[in-house]
Structures are given as structure tokens and as C-alpha cells.
Amino acid sequence: MAEQQRDTGNTRDAREPREAQAVRGPQGSRGSREPSEWSHEPPERQESHEPRAPREPREDERRAWRDLVATARRTVADGLVVGTSGNVSVRVGDTVLVTPSGVPYDRLTPDDVTGVGLDGRQVLGTLLPTSELPMHLAVHRSTSAGAVVHTHAVHATAVSTLVPELPLIHYMAGALGGPVRVAPYATYGTEELAAHVLRALADRSGCLLRNHGTLTHGATLDQAYDRTAQLEWMCRLWLTASSVPGLTPSLLSPEELARAEERLRGYGRPELRPEA
């Protein structure tokens, strides 16, 4: 859910979302700032009644945070989110680093590392974790995901309002484990939504959230992000093909998708590539 829509109560008026950027699809420019370009204006801390984090981030957590911020900025640059909508997480051991609530990504600094344990208890940082923390934790607890990306991508969200499952318009559905399901609607940030998402993700690495957006996971931040970009592209493709008056898009059969999925498993790895 859009983080700027959440009333944190303690967020100061000075923390306004950055101005909306020109929307570019995943096939467009990947012009996000390099992760080395950290903001010189650190976000203001929110007051909290929770105990202060008991420890400083380890070096591997600092590196992972750097990559997480770069990925979050990339979702904005590629038009997958607007403002502070969407969120990103990455797992480092038993700690899950997450984007904080209501903070523009270009204002995050190396000292803003925000992390929780798998039980949801905050163990790193003083910024409030994303309001979608239950959804991220559900995926990290229930799958082998190393990273999770959640966006409000326009075409994918539009598709989520129209069908219960993305039609098989392209074989890249195989890269997500099969036909992409739409999780039923539930209020953002709730355990109910997290449960819907887990069911939609069964044997899949991505799903749509009805009237909400997308969620994908992967072994790495790059893989999770690339799956998000592919899902948004497939949704845009289906909407485009479906908009032609008097014509209906041809779709792949389950058998055709299965053959493509088998080949995709060995993509880029010659030793796993099936023989023709």
C-alpha cells in the first residue's frame, strides 16, 4: 500500500513525499541513482515507544542495505511506484531489512538501516518499518526468498481489477512458475492480506494483489526486481492486445507454457539446458 497514505501520527509535516517522477515502464530507462550517491539530508526520526535497537548493523547488513536502497530507487526510476508507494525487503540470516514507512527513497542514508527479526521485532534502526511488514515477513517465513519487491505498477494493478489470473499471453509466465494468480483484496498491512498473498504464491514467485499491485520474490534483489519488471510488462502486453476492437488475443496452452518453462530453467546455464 502507498506508504504516504498511512497516517503514522508521529510523522512531521516536513516529511513530504518527493515530487512524482515521470512514469517510465520497466522497458524504459533504468536511470536510478547509483547506490553510492547517498542523500545528504537524512530523514527525521519518528518518535517511538519501542526500545532502542539493541545493536549496530553488521558489515553484511550494511552492504545489503545499500543494495536494498538502490533497488527501491530503481522502482521509482522505472515507473513501478510513485512517491513512497511500494516496498522492498532482503533477508540477511535471520534478519529482514525493509524499507521504512513514509520516507522517500532518495533521502535514505547508510545510517538508516531498518531491520526486524522473523518474529517482527525491530532489531535495527529507529525508523518505522514499512506498513506492509506482515506481507514481507509471511513470504520470508514461508518460502526460500532472499528478497521481496512490492509495487503499485500501473498495468499490473489494472489487470488485477479485471481477471482472477493473468491470461497466458506470453511464455515468460514460466519464469514466475506458471499462470500468475490474483490474490483477493484485503486492507493493506493486515495479516489477512498476507494470507491471501501466500495462497496466490503457491508454487509461484509472483502474484497480483487485487486493486493494489504486485509482489514478487527471488533469491536476490536483482532477481526479485526483474520478476516484477517482467510481470508488469506481461500485464501491459495483455492490456494492449485486448484493446484492439473485434479481435481476441491468442493465448498459450498449458502444454506450450510447460515446454517454455522447462527451457527457462536452464536459461543462461548450458549444463541445465534441455536438448532440442
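Please refer to the structure placed before this passage.
The paragraphs below set out a description of the structure included in this document. All of these numbers come straight from a predicted model, not from anything done at the bench. (Residues numbered from 1 in each chain as written. Predicted model: local features only at pLDDT ≥ 70, side-chain atom pairs only at ≥ 80, totals over all residues. Heavy atoms only, no water.)

## Some remarks on the pairing of strand 7 (residues 206-209)
Within a regular beta strand, the side chains point alternately toward one face of the sheet and then the other, so they alternate between its two faces. Alternating residues of strand 7 divide into Gly206 and Leu208 and Cys207 and Leu209, and every residue in both groups is buried. Sheet topology note: the strand 6 (residues 182-183)/strand 7 ladder contains 2 bridges and is parallel. Bridge pairing in strand 7 places alanine 183 opposite leucine 209. Following the backbone out of strand 6, through helix 4 (residues 191-200) and into the adjacent parallel strand 7, one traces a crossover that is right-handed. One ladder, built from 4 bridges, connects strand 7 with strand 8 (residues 213-218); its direction is antiparallel. (Buried < 20%, exposed > 50% of the residue type's maximum accessible area, 1.4 Å probe, protein only. Helix = DSSP H or I, 4+ residues; strand = E, 2+ residues; numbered from the N terminus. Pairing = 2+ DSSP bridges. Right-handed = clockwise from strand over helix to strand, strands pointing away.)

## Thoughts on helix 6 (residues 254-265)
The first and last C-alpha atoms of helix 6 sit 16 Å apart over 12 residues, in line with the 16 Å expected at 1.5 Å per residue. All buried positions along helix 6 are accounted for by Leu257, Ala260 and Glu261. The arc that holds the buried residues of helix 6, viewed along the axis, is 105°, so those residues lie on one side. For helix 6, exposure combined with an orientation more than 90 degrees from the buried face picks out Glu255 and Arg259. (Expected span 1.5 Å × (residues − 1). Arc of directions from axis to C-beta.)

## Some points on the layout of surface pockets
In this approach a probe as big as a water molecule rolls over the atoms, and the regions it shows empty are the leftover space. Reported here for the largest pocket is a volume of approximately 560 Å³. If you go around the largest pocket, you meet 15 residues; those closest to its centre are Ala175, Gln223, Arg227, Leu264 and Arg265. Going through the elements one at a time, helix 5 (221-242) and helix 6 are the ones with two or more residues in the lining of the largest pocket. Per-element accounting of the lining of the largest pocket gives the leading share, 4 residues, to helix 5. When its residues are assigned to classes, the lining of the largest pocket shows 5 nonpolar, 5 polar and 5 charged. (1 Å grid on protein atoms, 1.4 Å probe; cavity = no way out; pocket = protein on both sides within 12 Å on 5 of 7 lines; lining within 4 Å. Points joined across faces, edges and corners; volume = space filled by probe spheres on them. Nonpolar A, V, L, I, M, F, W, Y, C, P; charged D, E, K, R; others polar.)

## Observations regarding the packing of helix 1 (residues 59-77) against helix 5
Helix-helix packing is characterised by the crossing angle of the two axes and by the distance between the axes. Between helix 1 and helix 5, the shortest axis-to-axis distance is 10 Å and the interhelical angle comes to 15°. If you check the angle between helix 1 and helix 5, you find them roughly parallel. Where helix 1 crosses over helix 5, the two elements pack in a sense that is right-handed. Each of Ala64, Asp67, Leu68, Thr71, Arg74 and Thr75 in helix 1 lies in contact with helix 5, whose residues at this interface are Leu221, Asp222, Tyr225 and Asp226. The residue makeup of the contact of helix 1 with helix 5, split by class, is 4 nonpolar, 2 polar and 4 charged. (Axes fitted to C-alpha atoms, helices over the stretch in contact; angles between N-to-C directions. Parallel < 35°, antiparallel > 145°, perpendicular 65-115°, else oblique. Left-handed = near helix turned anticlockwise from the far one by under 90°. Contact = heavy atoms within 4.5 Å.)

## Considerations on the packing of helix 2 (residues 133-142) against helix 4
Where helix 2 contacts helix 4, the two axes come as close as 8 Å, and the packing angle between them is 40°. By the criterion of interaxial angle, the relationship of helix 2 to helix 4 is oblique. Like other packed secondary-structure pairs, helix 2 and helix 4 cross with a definite hand, here right-handed. For the pair helix 2 and helix 4, contact is made by Pro134, Met135, Ala138, Val139 and Ser142 and by Glu191, Leu193, Ala194, Val197 and Leu198, respectively. When grouped by side-chain class, the residues that make up the contact of helix 2 with helix 4 number 8 nonpolar, 1 polar and 1 charged.

## Considerations on unusual backbone geometry
Negative phi values dominate among residues other than glycine, just as trans dominates among peptide bonds. We note that aspartate 203 has phi near 60°; this positive angle belongs to a residue other than glycine. Along the chain, the position of aspartate 203 falls in the loop between helix 4 and strand 7. A residue is classified by how much of its surface remains accessible, and aspartate 203, at 72% relative accessible area, is exposed. The backbone of asparagine 211 sits at a positive phi, close to 55°, despite the residue not being glycine.

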